[in-house]
Amino acid sequence: MSQFPPGPRGQFLLGSFADLQRDILGFVSQSVRDYGDLVGFRVLGKQFCILGHPDYVEQVLIRDSSRFIKSMDYRKLAGVVGQGLLTSEGETWRKQRKLAQPIFHHDRMKDYLPIFVRRAAAMSESWRSSAEVDIHAQMMRLTLEIVCDALFRSDIEADVPGIDRALDAITRAFMGFPFPFWVPLPAHVRAWKQIKLLDAII
């Protein structure tokens, strides 16, 4: 506690909750400008750190990764996606990373480029007839199409609306206080149903 890095004090009890809700990217960049490359802040009594320098990020993710554990949110997420690269730690993570590494080899990435270009061109062409575009939804869709095409050689065009709805429901289940995923809250129940639909698509 005595070595917790300096940072914005925020409001009593709430800490920096309101600032994060208002503009998370602005809060992070301003905090690094004001307090340096290691910033400490609190939200609802919990302590958080911002790492504003690549060396610190490398230390956490690579050099000293065995000394850090993933947050409660990731443990909750493991109930949805299982123990994959995103949620696993330690030796399990290292084994899975080794298994996945060939997919992202430099030579393999060059093979994916035509897929990236074709999919991006098709999406941008579809915008020509639109007065307004939801860029977040479109980028999520593009990413999904590219991953399925490049890694699984599968066209999931017809399934995209269902996948979008499922991912939205699952994301909402992780908002707010981190109750265990087995607790039958309405948001959790909706997510359970959508996970079954995703399993069927997969």
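Our structure is the block above this text.
Residues numbered from 1 in each chain as written. Predicted model: local features only at pLDDT ≥ 70, side-chain atom pairs only at ≥ 80, totals over all residues. Heavy atoms only, no water.

Engineer: Outline the side chain of glutamine 194, listing residues and values.
Structural biologist: For glutamine 194, the location among the structural elements is in helix α9 (residues 186-201). Taking the relative accessible area as the measure of exposure, glutamine 194 reaches 18% and is therefore buried. Here glutamine 194 is in contact with Gly162, Arg165, Ala166 and Ala169, once residues within four sequence places are set aside. (Helix = DSSP H or I, 4+ residues; strand = E, 2+ residues; numbered from the N terminus. Buried < 20%, exposed > 50% of the residue type's maximum accessible area, 1.4 Å probe, protein only. Contact = heavy atoms within 4.5 Å.)

Engineer: Could you give an account of the nonpolar core, with specific residues and numbers?
Structural biologist: Core analysis: the biggest nonpolar cluster contains 15 residues, and Val80, Leu144, Ile156, Ile170, Phe174 and Phe181 have the highest contact counts within it. Elements that contribute at least two residues to this core include exactly α4 (72-81), α7 (135-152), α8 (160-173) and α9. Of all the elements, α8 adds the most residues to this core, at five residues. Counting residues in hydrophobic clusters, the runner-up holds five residues, among them Phe27, Val39, Phe41 and Val43. (Core = buried A, V, L, I, M, F, W, Y, C linked by side-chain atoms within 4.5 Å.)

Engineer: Let's hear about the environment of valine 60: which residues, and what values?
Structural biologist: With respect to the element layout, valine 60 can be found in helix α3 (residues 54-63). Given a relative accessible area of 24%, valine 60 falls into the partly exposed group. Residues valine 60 and glutamine 96, 36 residues apart in the sequence, show an inter-C-alpha distance of 18 Å. In contact with valine 60, other than residues within four places in its own chain, are Leu51, Ser65 and Phe68.

Engineer: Could you give me a rundown of the environment of proline 161, with the residues and numbers involved?
Structural biologist: The topology assignment puts proline 161 in helix α8. Look at proline 161 and you get partly exposed, because its relative accessible area is 38%.

Engineer: Residue-level account of the packing of helix α6 (residues 106-126) against α7, with values.
Structural biologist: The contact between α6 and α7 brings their axes to 10 Å, and the two run at 145°. Where α6 crosses over α7, the two elements pack in a sense that is right-handed. Of the residues in α7, those touching α6 at Tyr112, Ile115, Phe116, Arg118, Arg119, Ala120, Met123 and Ser126 are Gln138, Met139, Arg141, Leu142, Glu145, Ile146, Asp149, Ala150 and Leu151. Of the residues in the contact of α6 with α7, the class split is ten nonpolar, two polar and five charged. (Axes fitted to C-alpha atoms, helices over the stretch in contact; angles between N-to-C directions. Left-handed = near helix turned anticlockwise from the far one by under 90°. Nonpolar A, V, L, I, M, F, W, Y, C, P; charged D, E, K, R; others polar.)

Engineer: So, the pairing of strand β2 (residues 46-51): which residues are in play, and what are the values?
Structural biologist: Across six bridges, strand β1 (residues 38-43) lies against β2 in antiparallel orientation. Note on β2: the bridge partner recorded for glycine 40 is cysteine 49. Between β1 and β2, which pair antiparallel and follow one another directly, the connecting turn spans two residues, one of which, leucine 44, has a positive phi of 50°. (Pairing = 2+ DSSP bridges.)

Engineer: Before we move on, could you go through the packing of aromatic side chains and cite the residues and values that matter?
Structural biologist: All chains considered together, the criterion is met by four aromatic pairs. Aromatic side chains phenylalanine 27 and phenylalanine 41 sit 5.1 Å apart centroid to centroid with 75° between the ring planes, which places their arrangement in the edge-to-face category. Of this pair, phenylalanine 27 sits in helix α2 (residues 24-35) while phenylalanine 41 sits in strand β1, placing them 14 residues apart in sequence. Consider the rings of tyrosine 112 and phenylalanine 116, whose centres lie 6.4 Å apart with planes at 45°: the pair is tilted. Placement of the pair is tyrosine 112 and phenylalanine 116 together in helix α6, with a separation of four residues, close to one helical turn. (Phe/Tyr/Trp six-rings, centres within 6.5 Å; stacked < 30°, edge-to-face > 60°.)

Engineer: Just give me the short version of the pattern of salt bridges, but keep the residues and values in it.
Structural biologist: Where charged atoms of side chains with opposite charge meet at close range, the side chains can pair. Within the structure shown, the criterion is met by ten salt bridges. For the salt bridge of arginine 63 with glutamate 58, the shortest nitrogen-to-oxygen distance reads 3.1 Å. Under the relative-accessibility criterion, glutamate 58 is labelled partly exposed at 35%. Linked through salt bridges whose partners overlap, the residues forming this network are Arg118, Arg119, Arg141, Glu145 and Asp149. (Salt bridge = Lys/Arg side-chain N within 4 Å of Asp/Glu carboxyl O.)

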